[in-house]
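What follows is each chain in one-letter form.
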Amino acid sequence: MARQTRNLVQRQTLSGVRLLVTAGPTHEYIDDVRFIGNPSTGRMGLEVARIAQRMGAIVTVVCGPTHLSPPASVSFVPVVSAQDMLAAVDERFEDCHVFIATAAVSDYRPETKLKGKLKKKSDKLELNLVRNPDVLLHMGKKRTKGQLIIGFSLEVEN
C-alpha cells in the first residue's frame with residue numbers, strides 16, 4: 001500500500017487543482033484569557049494539504065490555533081474563531097475546485113465576550129452560548145457545478 005500511495009503522489013495527479021482546506025480547532029473566547037475549544041491539533045488537515053501539494057495541487061489552508069507548522073509553499077491563513085474561519089473560507093471558496101473541511105469548529109460560542117479577566121465571584125458561573133455558523137453547511141449551499149466538497153466530523157459513538 002505504501003508503494004501505491006507513493007506512486008500516486010509522485011504522478012502529480014492534482015496538478016493545477018485549487019484546493020482549500022480547513023484545519024485545527026477554533027477558540028471561542030469567554031473573556032480576554034479564557035476560551036471554549038477542543039484539543040484538535042490540525043494535523044489531519046495539514047497532512048491533507050501536504051500530500052495534495054506533493055500531488056501538484058495549489059493549496060490554501062485556513063487553520064485555527066495550532067502549534068504545528070504549515071507545509072512549505074502553501075498559502076496559510078491563520079484564524080481564531082468559527083466566525084473568523086467562515087469569513088476566511090467564504091472569501092476564498094469561489095476560486096477553489098476542491099474544499100476539504102477537516103477543522104474542529106466549535107459549535108457554540110459565548111453570547112458575549114467579557115472585557116478583561118472574569119473574576120471568581122461565586123461557586124457557579126452561567127454562560128449563555130449561541131450557535132456558531134456551520135462552515136461546511138454554508139459552503140455546501142454556495143457550491144457551484146464542478147466543485148467538490150469533502151467534510152469530516154468527529155464522533156464519539158458509532
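Heads up: the structure comes first, above all this text.
Computed from a predicted model, the values in this text were never measured in an experiment.

Checked against the element boundaries, Gly146 lands in the loop between α4 (135–142) and β9 (148–151). Distance in space between the C-alpha atoms of Gly146 and Val98 is 8.8 Å, their sequence separation being 48 residues.

Bringing the nonpolar core into the picture now. By size, the foremost hydrophobic cluster in this structure holds 15 residues, and its most contacted members are Val62, Met85, Val89, Phe99, Val135 and Met139. Contributing elements (two or more residues each) for this core: α3 (82–93), β6 (98–101) and α4. It is α3 that provides the largest number of residues to this core, a total of five residues. Not counting residues within four places of it along the chain, the set of residues in contact with Met85 comprises Thr22, Ala23, Thr26, Val62, Cys63, Gly64, Val79, Ala103, Val105 and Val135. Counting residues in each nonpolar core, the second largest holds 14 residues, with Val21, Ala49, Ala52 and Val59 among its members.

A few words now on the packing of α3 against α4. As a packed pair, α3 and α4 sit with axes 10 Å apart at the nearest point and diverge in direction by 25°. Put simply, α3 runs roughly parallel to α4. Of the two possible hands of crossing, α3 and α4 adopt the one that is right-handed. Contacts between α3 and α4 involve Ala82, Met85, Leu86, Val89, Asp90 and Phe93 on the former and, on the latter, Val135, His138, Met139 and Lys142. Of the residues that constitute the contact of α3 with α4, the class distribution is seven nonpolar, one polar and two charged.

Here the focus is the side chain of Asn132. Locating Asn132 in the fold gives a position in the loop between β8 (129–131) and α4. Here Asn132 falls in the buried class, since its relative accessible area comes to 5%. In this structure Asn132 touches Glu28, Ala82, Gln83, Ser106, Asp107, Tyr108 and Arg109, once residues within four positions along its chain are discounted.

So, on to the state of the cysteines. Following the criterion strictly, the structure yields zero disulfides and no others. Cys96 carries a free sulfur, and the closest cysteine sulfur to it, the one in Cys63, is 17 Å from it. Judged by relative accessible area, Cys96 falls into the buried class, the value being 6%.

We now examine the pairing of strand β1 (residues 18–23). Summarising burial for β1: five of the six residues are buried, a large majority. Pairing analysis gives six bridges linking β1 to strand β4 (residues 58–63), with the strands arranged parallel. Opposite Thr22, over in β4, you have Val62 as the bridge partner.

Let's shift gears to the packing of aromatic side chains. Applying the stated criterion across every chain, the model contains two aromatic pairs. A ring pair is formed by Phe93 and Phe99, whose centres lie 5.8 Å apart and whose planes are at 90°; its orientation type is edge-to-face. The buried category is assigned to Phe93, whose relative accessible area is 2%. Its relative accessible area of 0% is what places Phe99 among the buried residues. Stacked on the ring of Tyr108, the Lys or Arg Arg131 has its end atom at 5.9 Å from the ring centre.

Definitions and limits used
- Residues numbered from 1 in each chain as written.
- Predicted model: local features only at pLDDT ≥ 70, side-chain atom pairs only at ≥ 80, totals over all residues.
- Heavy atoms only, no water.
- Helix = DSSP H or I, 4+ residues; strand = E, 2+ residues; numbered from the N terminus.
- Core = buried A, V, L, I, M, F, W, Y, C linked by side-chain atoms within 4.5 Å.
- Buried < 20%, exposed > 50% of the residue type's maximum accessible area, 1.4 Å probe, protein only.
- Contact = heavy atoms within 4.5 Å.
- Axes fitted to C-alpha atoms, helices over the stretch in contact; angles between N-to-C directions.
- Parallel < 35°, antiparallel > 145°, perpendicular 65-115°, else oblique.
- Left-handed = near helix turned anticlockwise from the far one by under 90°.
- Nonpolar A, V, L, I, M, F, W, Y, C, P; charged D, E, K, R; others polar.
- Disulfide = S-S within 2.5 Å.
- Pairing = 2+ DSSP bridges.
- Phe/Tyr/Trp six-rings, centres within 6.5 Å; stacked < 30°, edge-to-face > 60°.
- Lys NZ or Arg CZ within 6 Å of the ring centre and 35° of its normal.

Without other data, these values stay purely geometric and don't point to any function.
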